Amino acid sequence: MKPVCVLGNGQLGRMLRQAGEPLGITVYPIGIDAEPEAVPYQKSIITAEIERWPETPLTKELAQNTNFVNREIFSLLADRLPQKQLLDDLQIATAPWQPLTSPDEWPAIFARLGDFIIVKRRIGGYDGRGQWRIKPSEEHQLPDEIYGECIVEQGIPFSGEVSLIGARNSQGDCVFYPLTHNLHQDGILRMSVALPETMPTLQQSAEKMLSAILNKLNYVGVMAMECFIVGNKLLINELAPRVHNSGHWTQNGASISQFELHLRAISGLPMPTPDVCQPSVMVNLIGSDIEPQWLSLPLVHLHWYEKEVRPARKVGHLNLVHSDKTSLQRTLTSLSPLLDESYQAPINWALEKLS
Ligand code: ATP
Ligand code: MG
Ligand code: MG
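This structure is a prediction, so every number in the text was calculated from the model and none was measured.

1. Describing the coordination of the magnesium ion (ligand 2)
Then step 1. Donor atoms from the polypeptide that coordinate the magnesium ion (ligand 2) comprise Glu238 (OE) and Glu238 (OE), at 2.3 to 2.4 Å from the metal.
Then step 2. Within the element layout of this structure, Glu238 appears in strand β13 (residues 233-240).

Next comes the structure, spelled out in structure tokens:
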């Protein structure tokens, strides 16, 4: 099997490497500052676990390499402005938005989008960083340098958030997982629940939306589409051209994980629809030290990233999978005292999804 080089050496690269091992695919996660000579990129398929990167000797070299799958697409999707334009061009529903170029635009913005506005940096935001929630008269609190660097979005009173993880291969075949239910707190994904029984209308419309995007871009590999549920419709929040945190449950809850699916797609290997026959819960470990007692619960699969623990930093996740929802609920209840109190609300949310 051809080796795979992954631009970026965070947890996503690490989990791609883990997924490659049983397939006999050697995966090399690579930091952007690596010496190009030390990286076997010439004889590898190249992919990325990050969406944007500064110019370094390595990234300059990779940017010219035709083995870099989707290399033209990252710059388009890493900037919210062309990403939103793409959705508008495809007439796919997304949270209403406009560019933010000058403070003079505020009256028109409030008139058009309403009184709850989210300002988002076009480039570089993640885990809710680089965003401001603004009501009329609060706009003067924004720093001056954001004009031209941001878009504004209507604040959406959603009833829930879901994401669709899918993959496309170079023949244009697309496969999808069931929609994942996601709970965010302070802009960071806290918990996901995936159920094998899909919500047929939402599932179909999500698959149609993501297929249109994947095909338009001639994309190869895994992509994630984050959505708001409003009434019985989906509005796209954002796209991520890579494996995604809300797909981590597939490591233990699907017959093919999103990491394996991505490697299959970019390597031209068979890519059947992954089978999902049990409910899964994924608990993001955010800024917490490792707790060996998690492992006293038999349903808990620990995925620890071996990163330095810092507040608000994703340092690992727990996957819980079982065919019996009550067993999952019992495990979540037992897990509760082993996590800090900020997990209480997410646990209650997951318990309800499983009821
Ligand atoms: P990620 O880590 O997923 O890349 P991000 O920093 O790009 O996060 P978003 O996904 O844009 O941020 O927003 C984070 C969360 O903030 C969303 O999942 C949602 O809960 C909330 N949010 C974002 N945009 C809106 C909106 N227009 N209306 C209501 N809530 C929103
Ligand atoms: Mg994002
Ligand atoms: Mg997001």
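2. Description of the environment of Ala212
Then step 1. Relative to the helices and strands, Ala212 resides in helix α6 (residues 200-217).
Then step 2. Spatially, the C-alpha atoms of Ala212 and Leu90 are 7.6 Å apart, while their sequence positions differ by 122 residues.
Then step 3. Setting aside anything within four residues of it in sequence, one finds Ala212 in contact with Leu90 and Ile92.

3. Some remarks on the environment of Ile25
Then step 1. Within the fold, Ile25 resides in the loop between α1 (11-23) and β2 (27-30).
Then step 2. Its relative accessible area of 4% is what places Ile25 among the buried residues.
Then step 3. Setting aside its immediate chain neighbours within four residues, Ile25 contacts Met1, Lys2, Val4, Gly20, Leu263, Ser267 and Leu269.

4. Some details on the pattern of salt bridges
Then step 1. By the definition in use, this model includes 11 salt bridges.
Then step 2. Residue Glu51 pairs with Arg242 through a salt bridge whose shortest N-O separation is 2.5 Å. Of this pair, Glu51 sits in the loop between β3 (45-48) and α2 (57-63) while Arg242 sits in the loop between β13 and α7 (250-253), and the two are 191 residues apart along the sequence.
Then step 3. Assessed through its relative accessible area of 16%, Arg242 is described here as buried.
Then step 4. One salt-bridge network, held together by shared partners, links Lys84, Lys120 and Glu153.

5. Brief notes about the site of ligand 1
Then step 1. Taken together, 22 residues lie around ligand 1, and Lys120, Asp127, Gly128, Ile156 and Glu161 are the ones closest in.
Then step 2. Separating an oxygen atom of ligand 1 from a backbone N or O atom of Tyr126 is a distance of 3.5 Å.
Then step 3. Here Gly128 contributes a backbone N or O atom positioned 2.7 Å from an oxygen atom of ligand 1.
Then step 4. Contributions of two or more residues to the shell around ligand 1 are made by β5 (117-121), β6 (131-134), β7 (150-154), β12 (221-230) and β13.
Then step 5. Across the shell around ligand 1, the residue classes break down as five nonpolar, eight polar and nine charged.
Then step 6. Split by domain, the shell around ligand 1 shows at least three residues from each of two domains, domain 2 (96-154) and domain 3 (160-354).

The rules behind each value
- Throughout, a residue's number is its position along its own chain's written sequence, starting from 1.
- Both sets of labels track the order of writing: A upward for chains, 1 upward for ligands.
- At least 70 in pLDDT is required for a residue's local features to be given in this predicted model, at least 80 for side-chain atom pairs to be given and counted, and no such filter applies to totals for whole chains, interfaces and linings, which use all residues.
- As a convention, hydrogens and water are excluded, and side-chain values are obtained from all of the structure's heavy atoms.
- Think of the donor list as every N, O and S atom within 2.8 Å of the metal, or within 3.2 Å for Na, K and Ca; water never makes the list, so a site can look incomplete.
- Numbered from the N terminus, helices here are DSSP runs of H or I no shorter than four residues, and strands are runs of E no shorter than two.
- Contacts are assigned to residue pairs that have any heavy atoms within 4.5 Å of one another.
- A 1.4 Å probe rolled over the protein chains alone gives each residue an accessible area, and that area as a share of the maximum for its type sets the label: buried under 20%, exposed over 50%, partly exposed in between.
- Salt-bridge detection follows one rule: a side-chain nitrogen of Lys or Arg within 4 Å of a carboxyl oxygen of Asp or Glu.
- Here a residue is near a molecule or strand as soon as one of its heavy atoms is found within 4 Å of it.
- Pairs of N or O atoms within 3.5 Å make up the polar contacts considered here, provided that, within protein, one atom can donate a hydrogen while the other can accept it, and that residues adjacent in sequence are counted only when both atoms are side-chain atoms.
- Only Asp, Glu, Lys and Arg are considered charged in this grouping, and only Ala, Val, Leu, Ile, Met, Phe, Trp, Tyr, Cys and Pro are considered nonpolar; every other residue, Gly among them, is considered polar.
- Boundaries between domains were set according to an automatic or database domain assignment.

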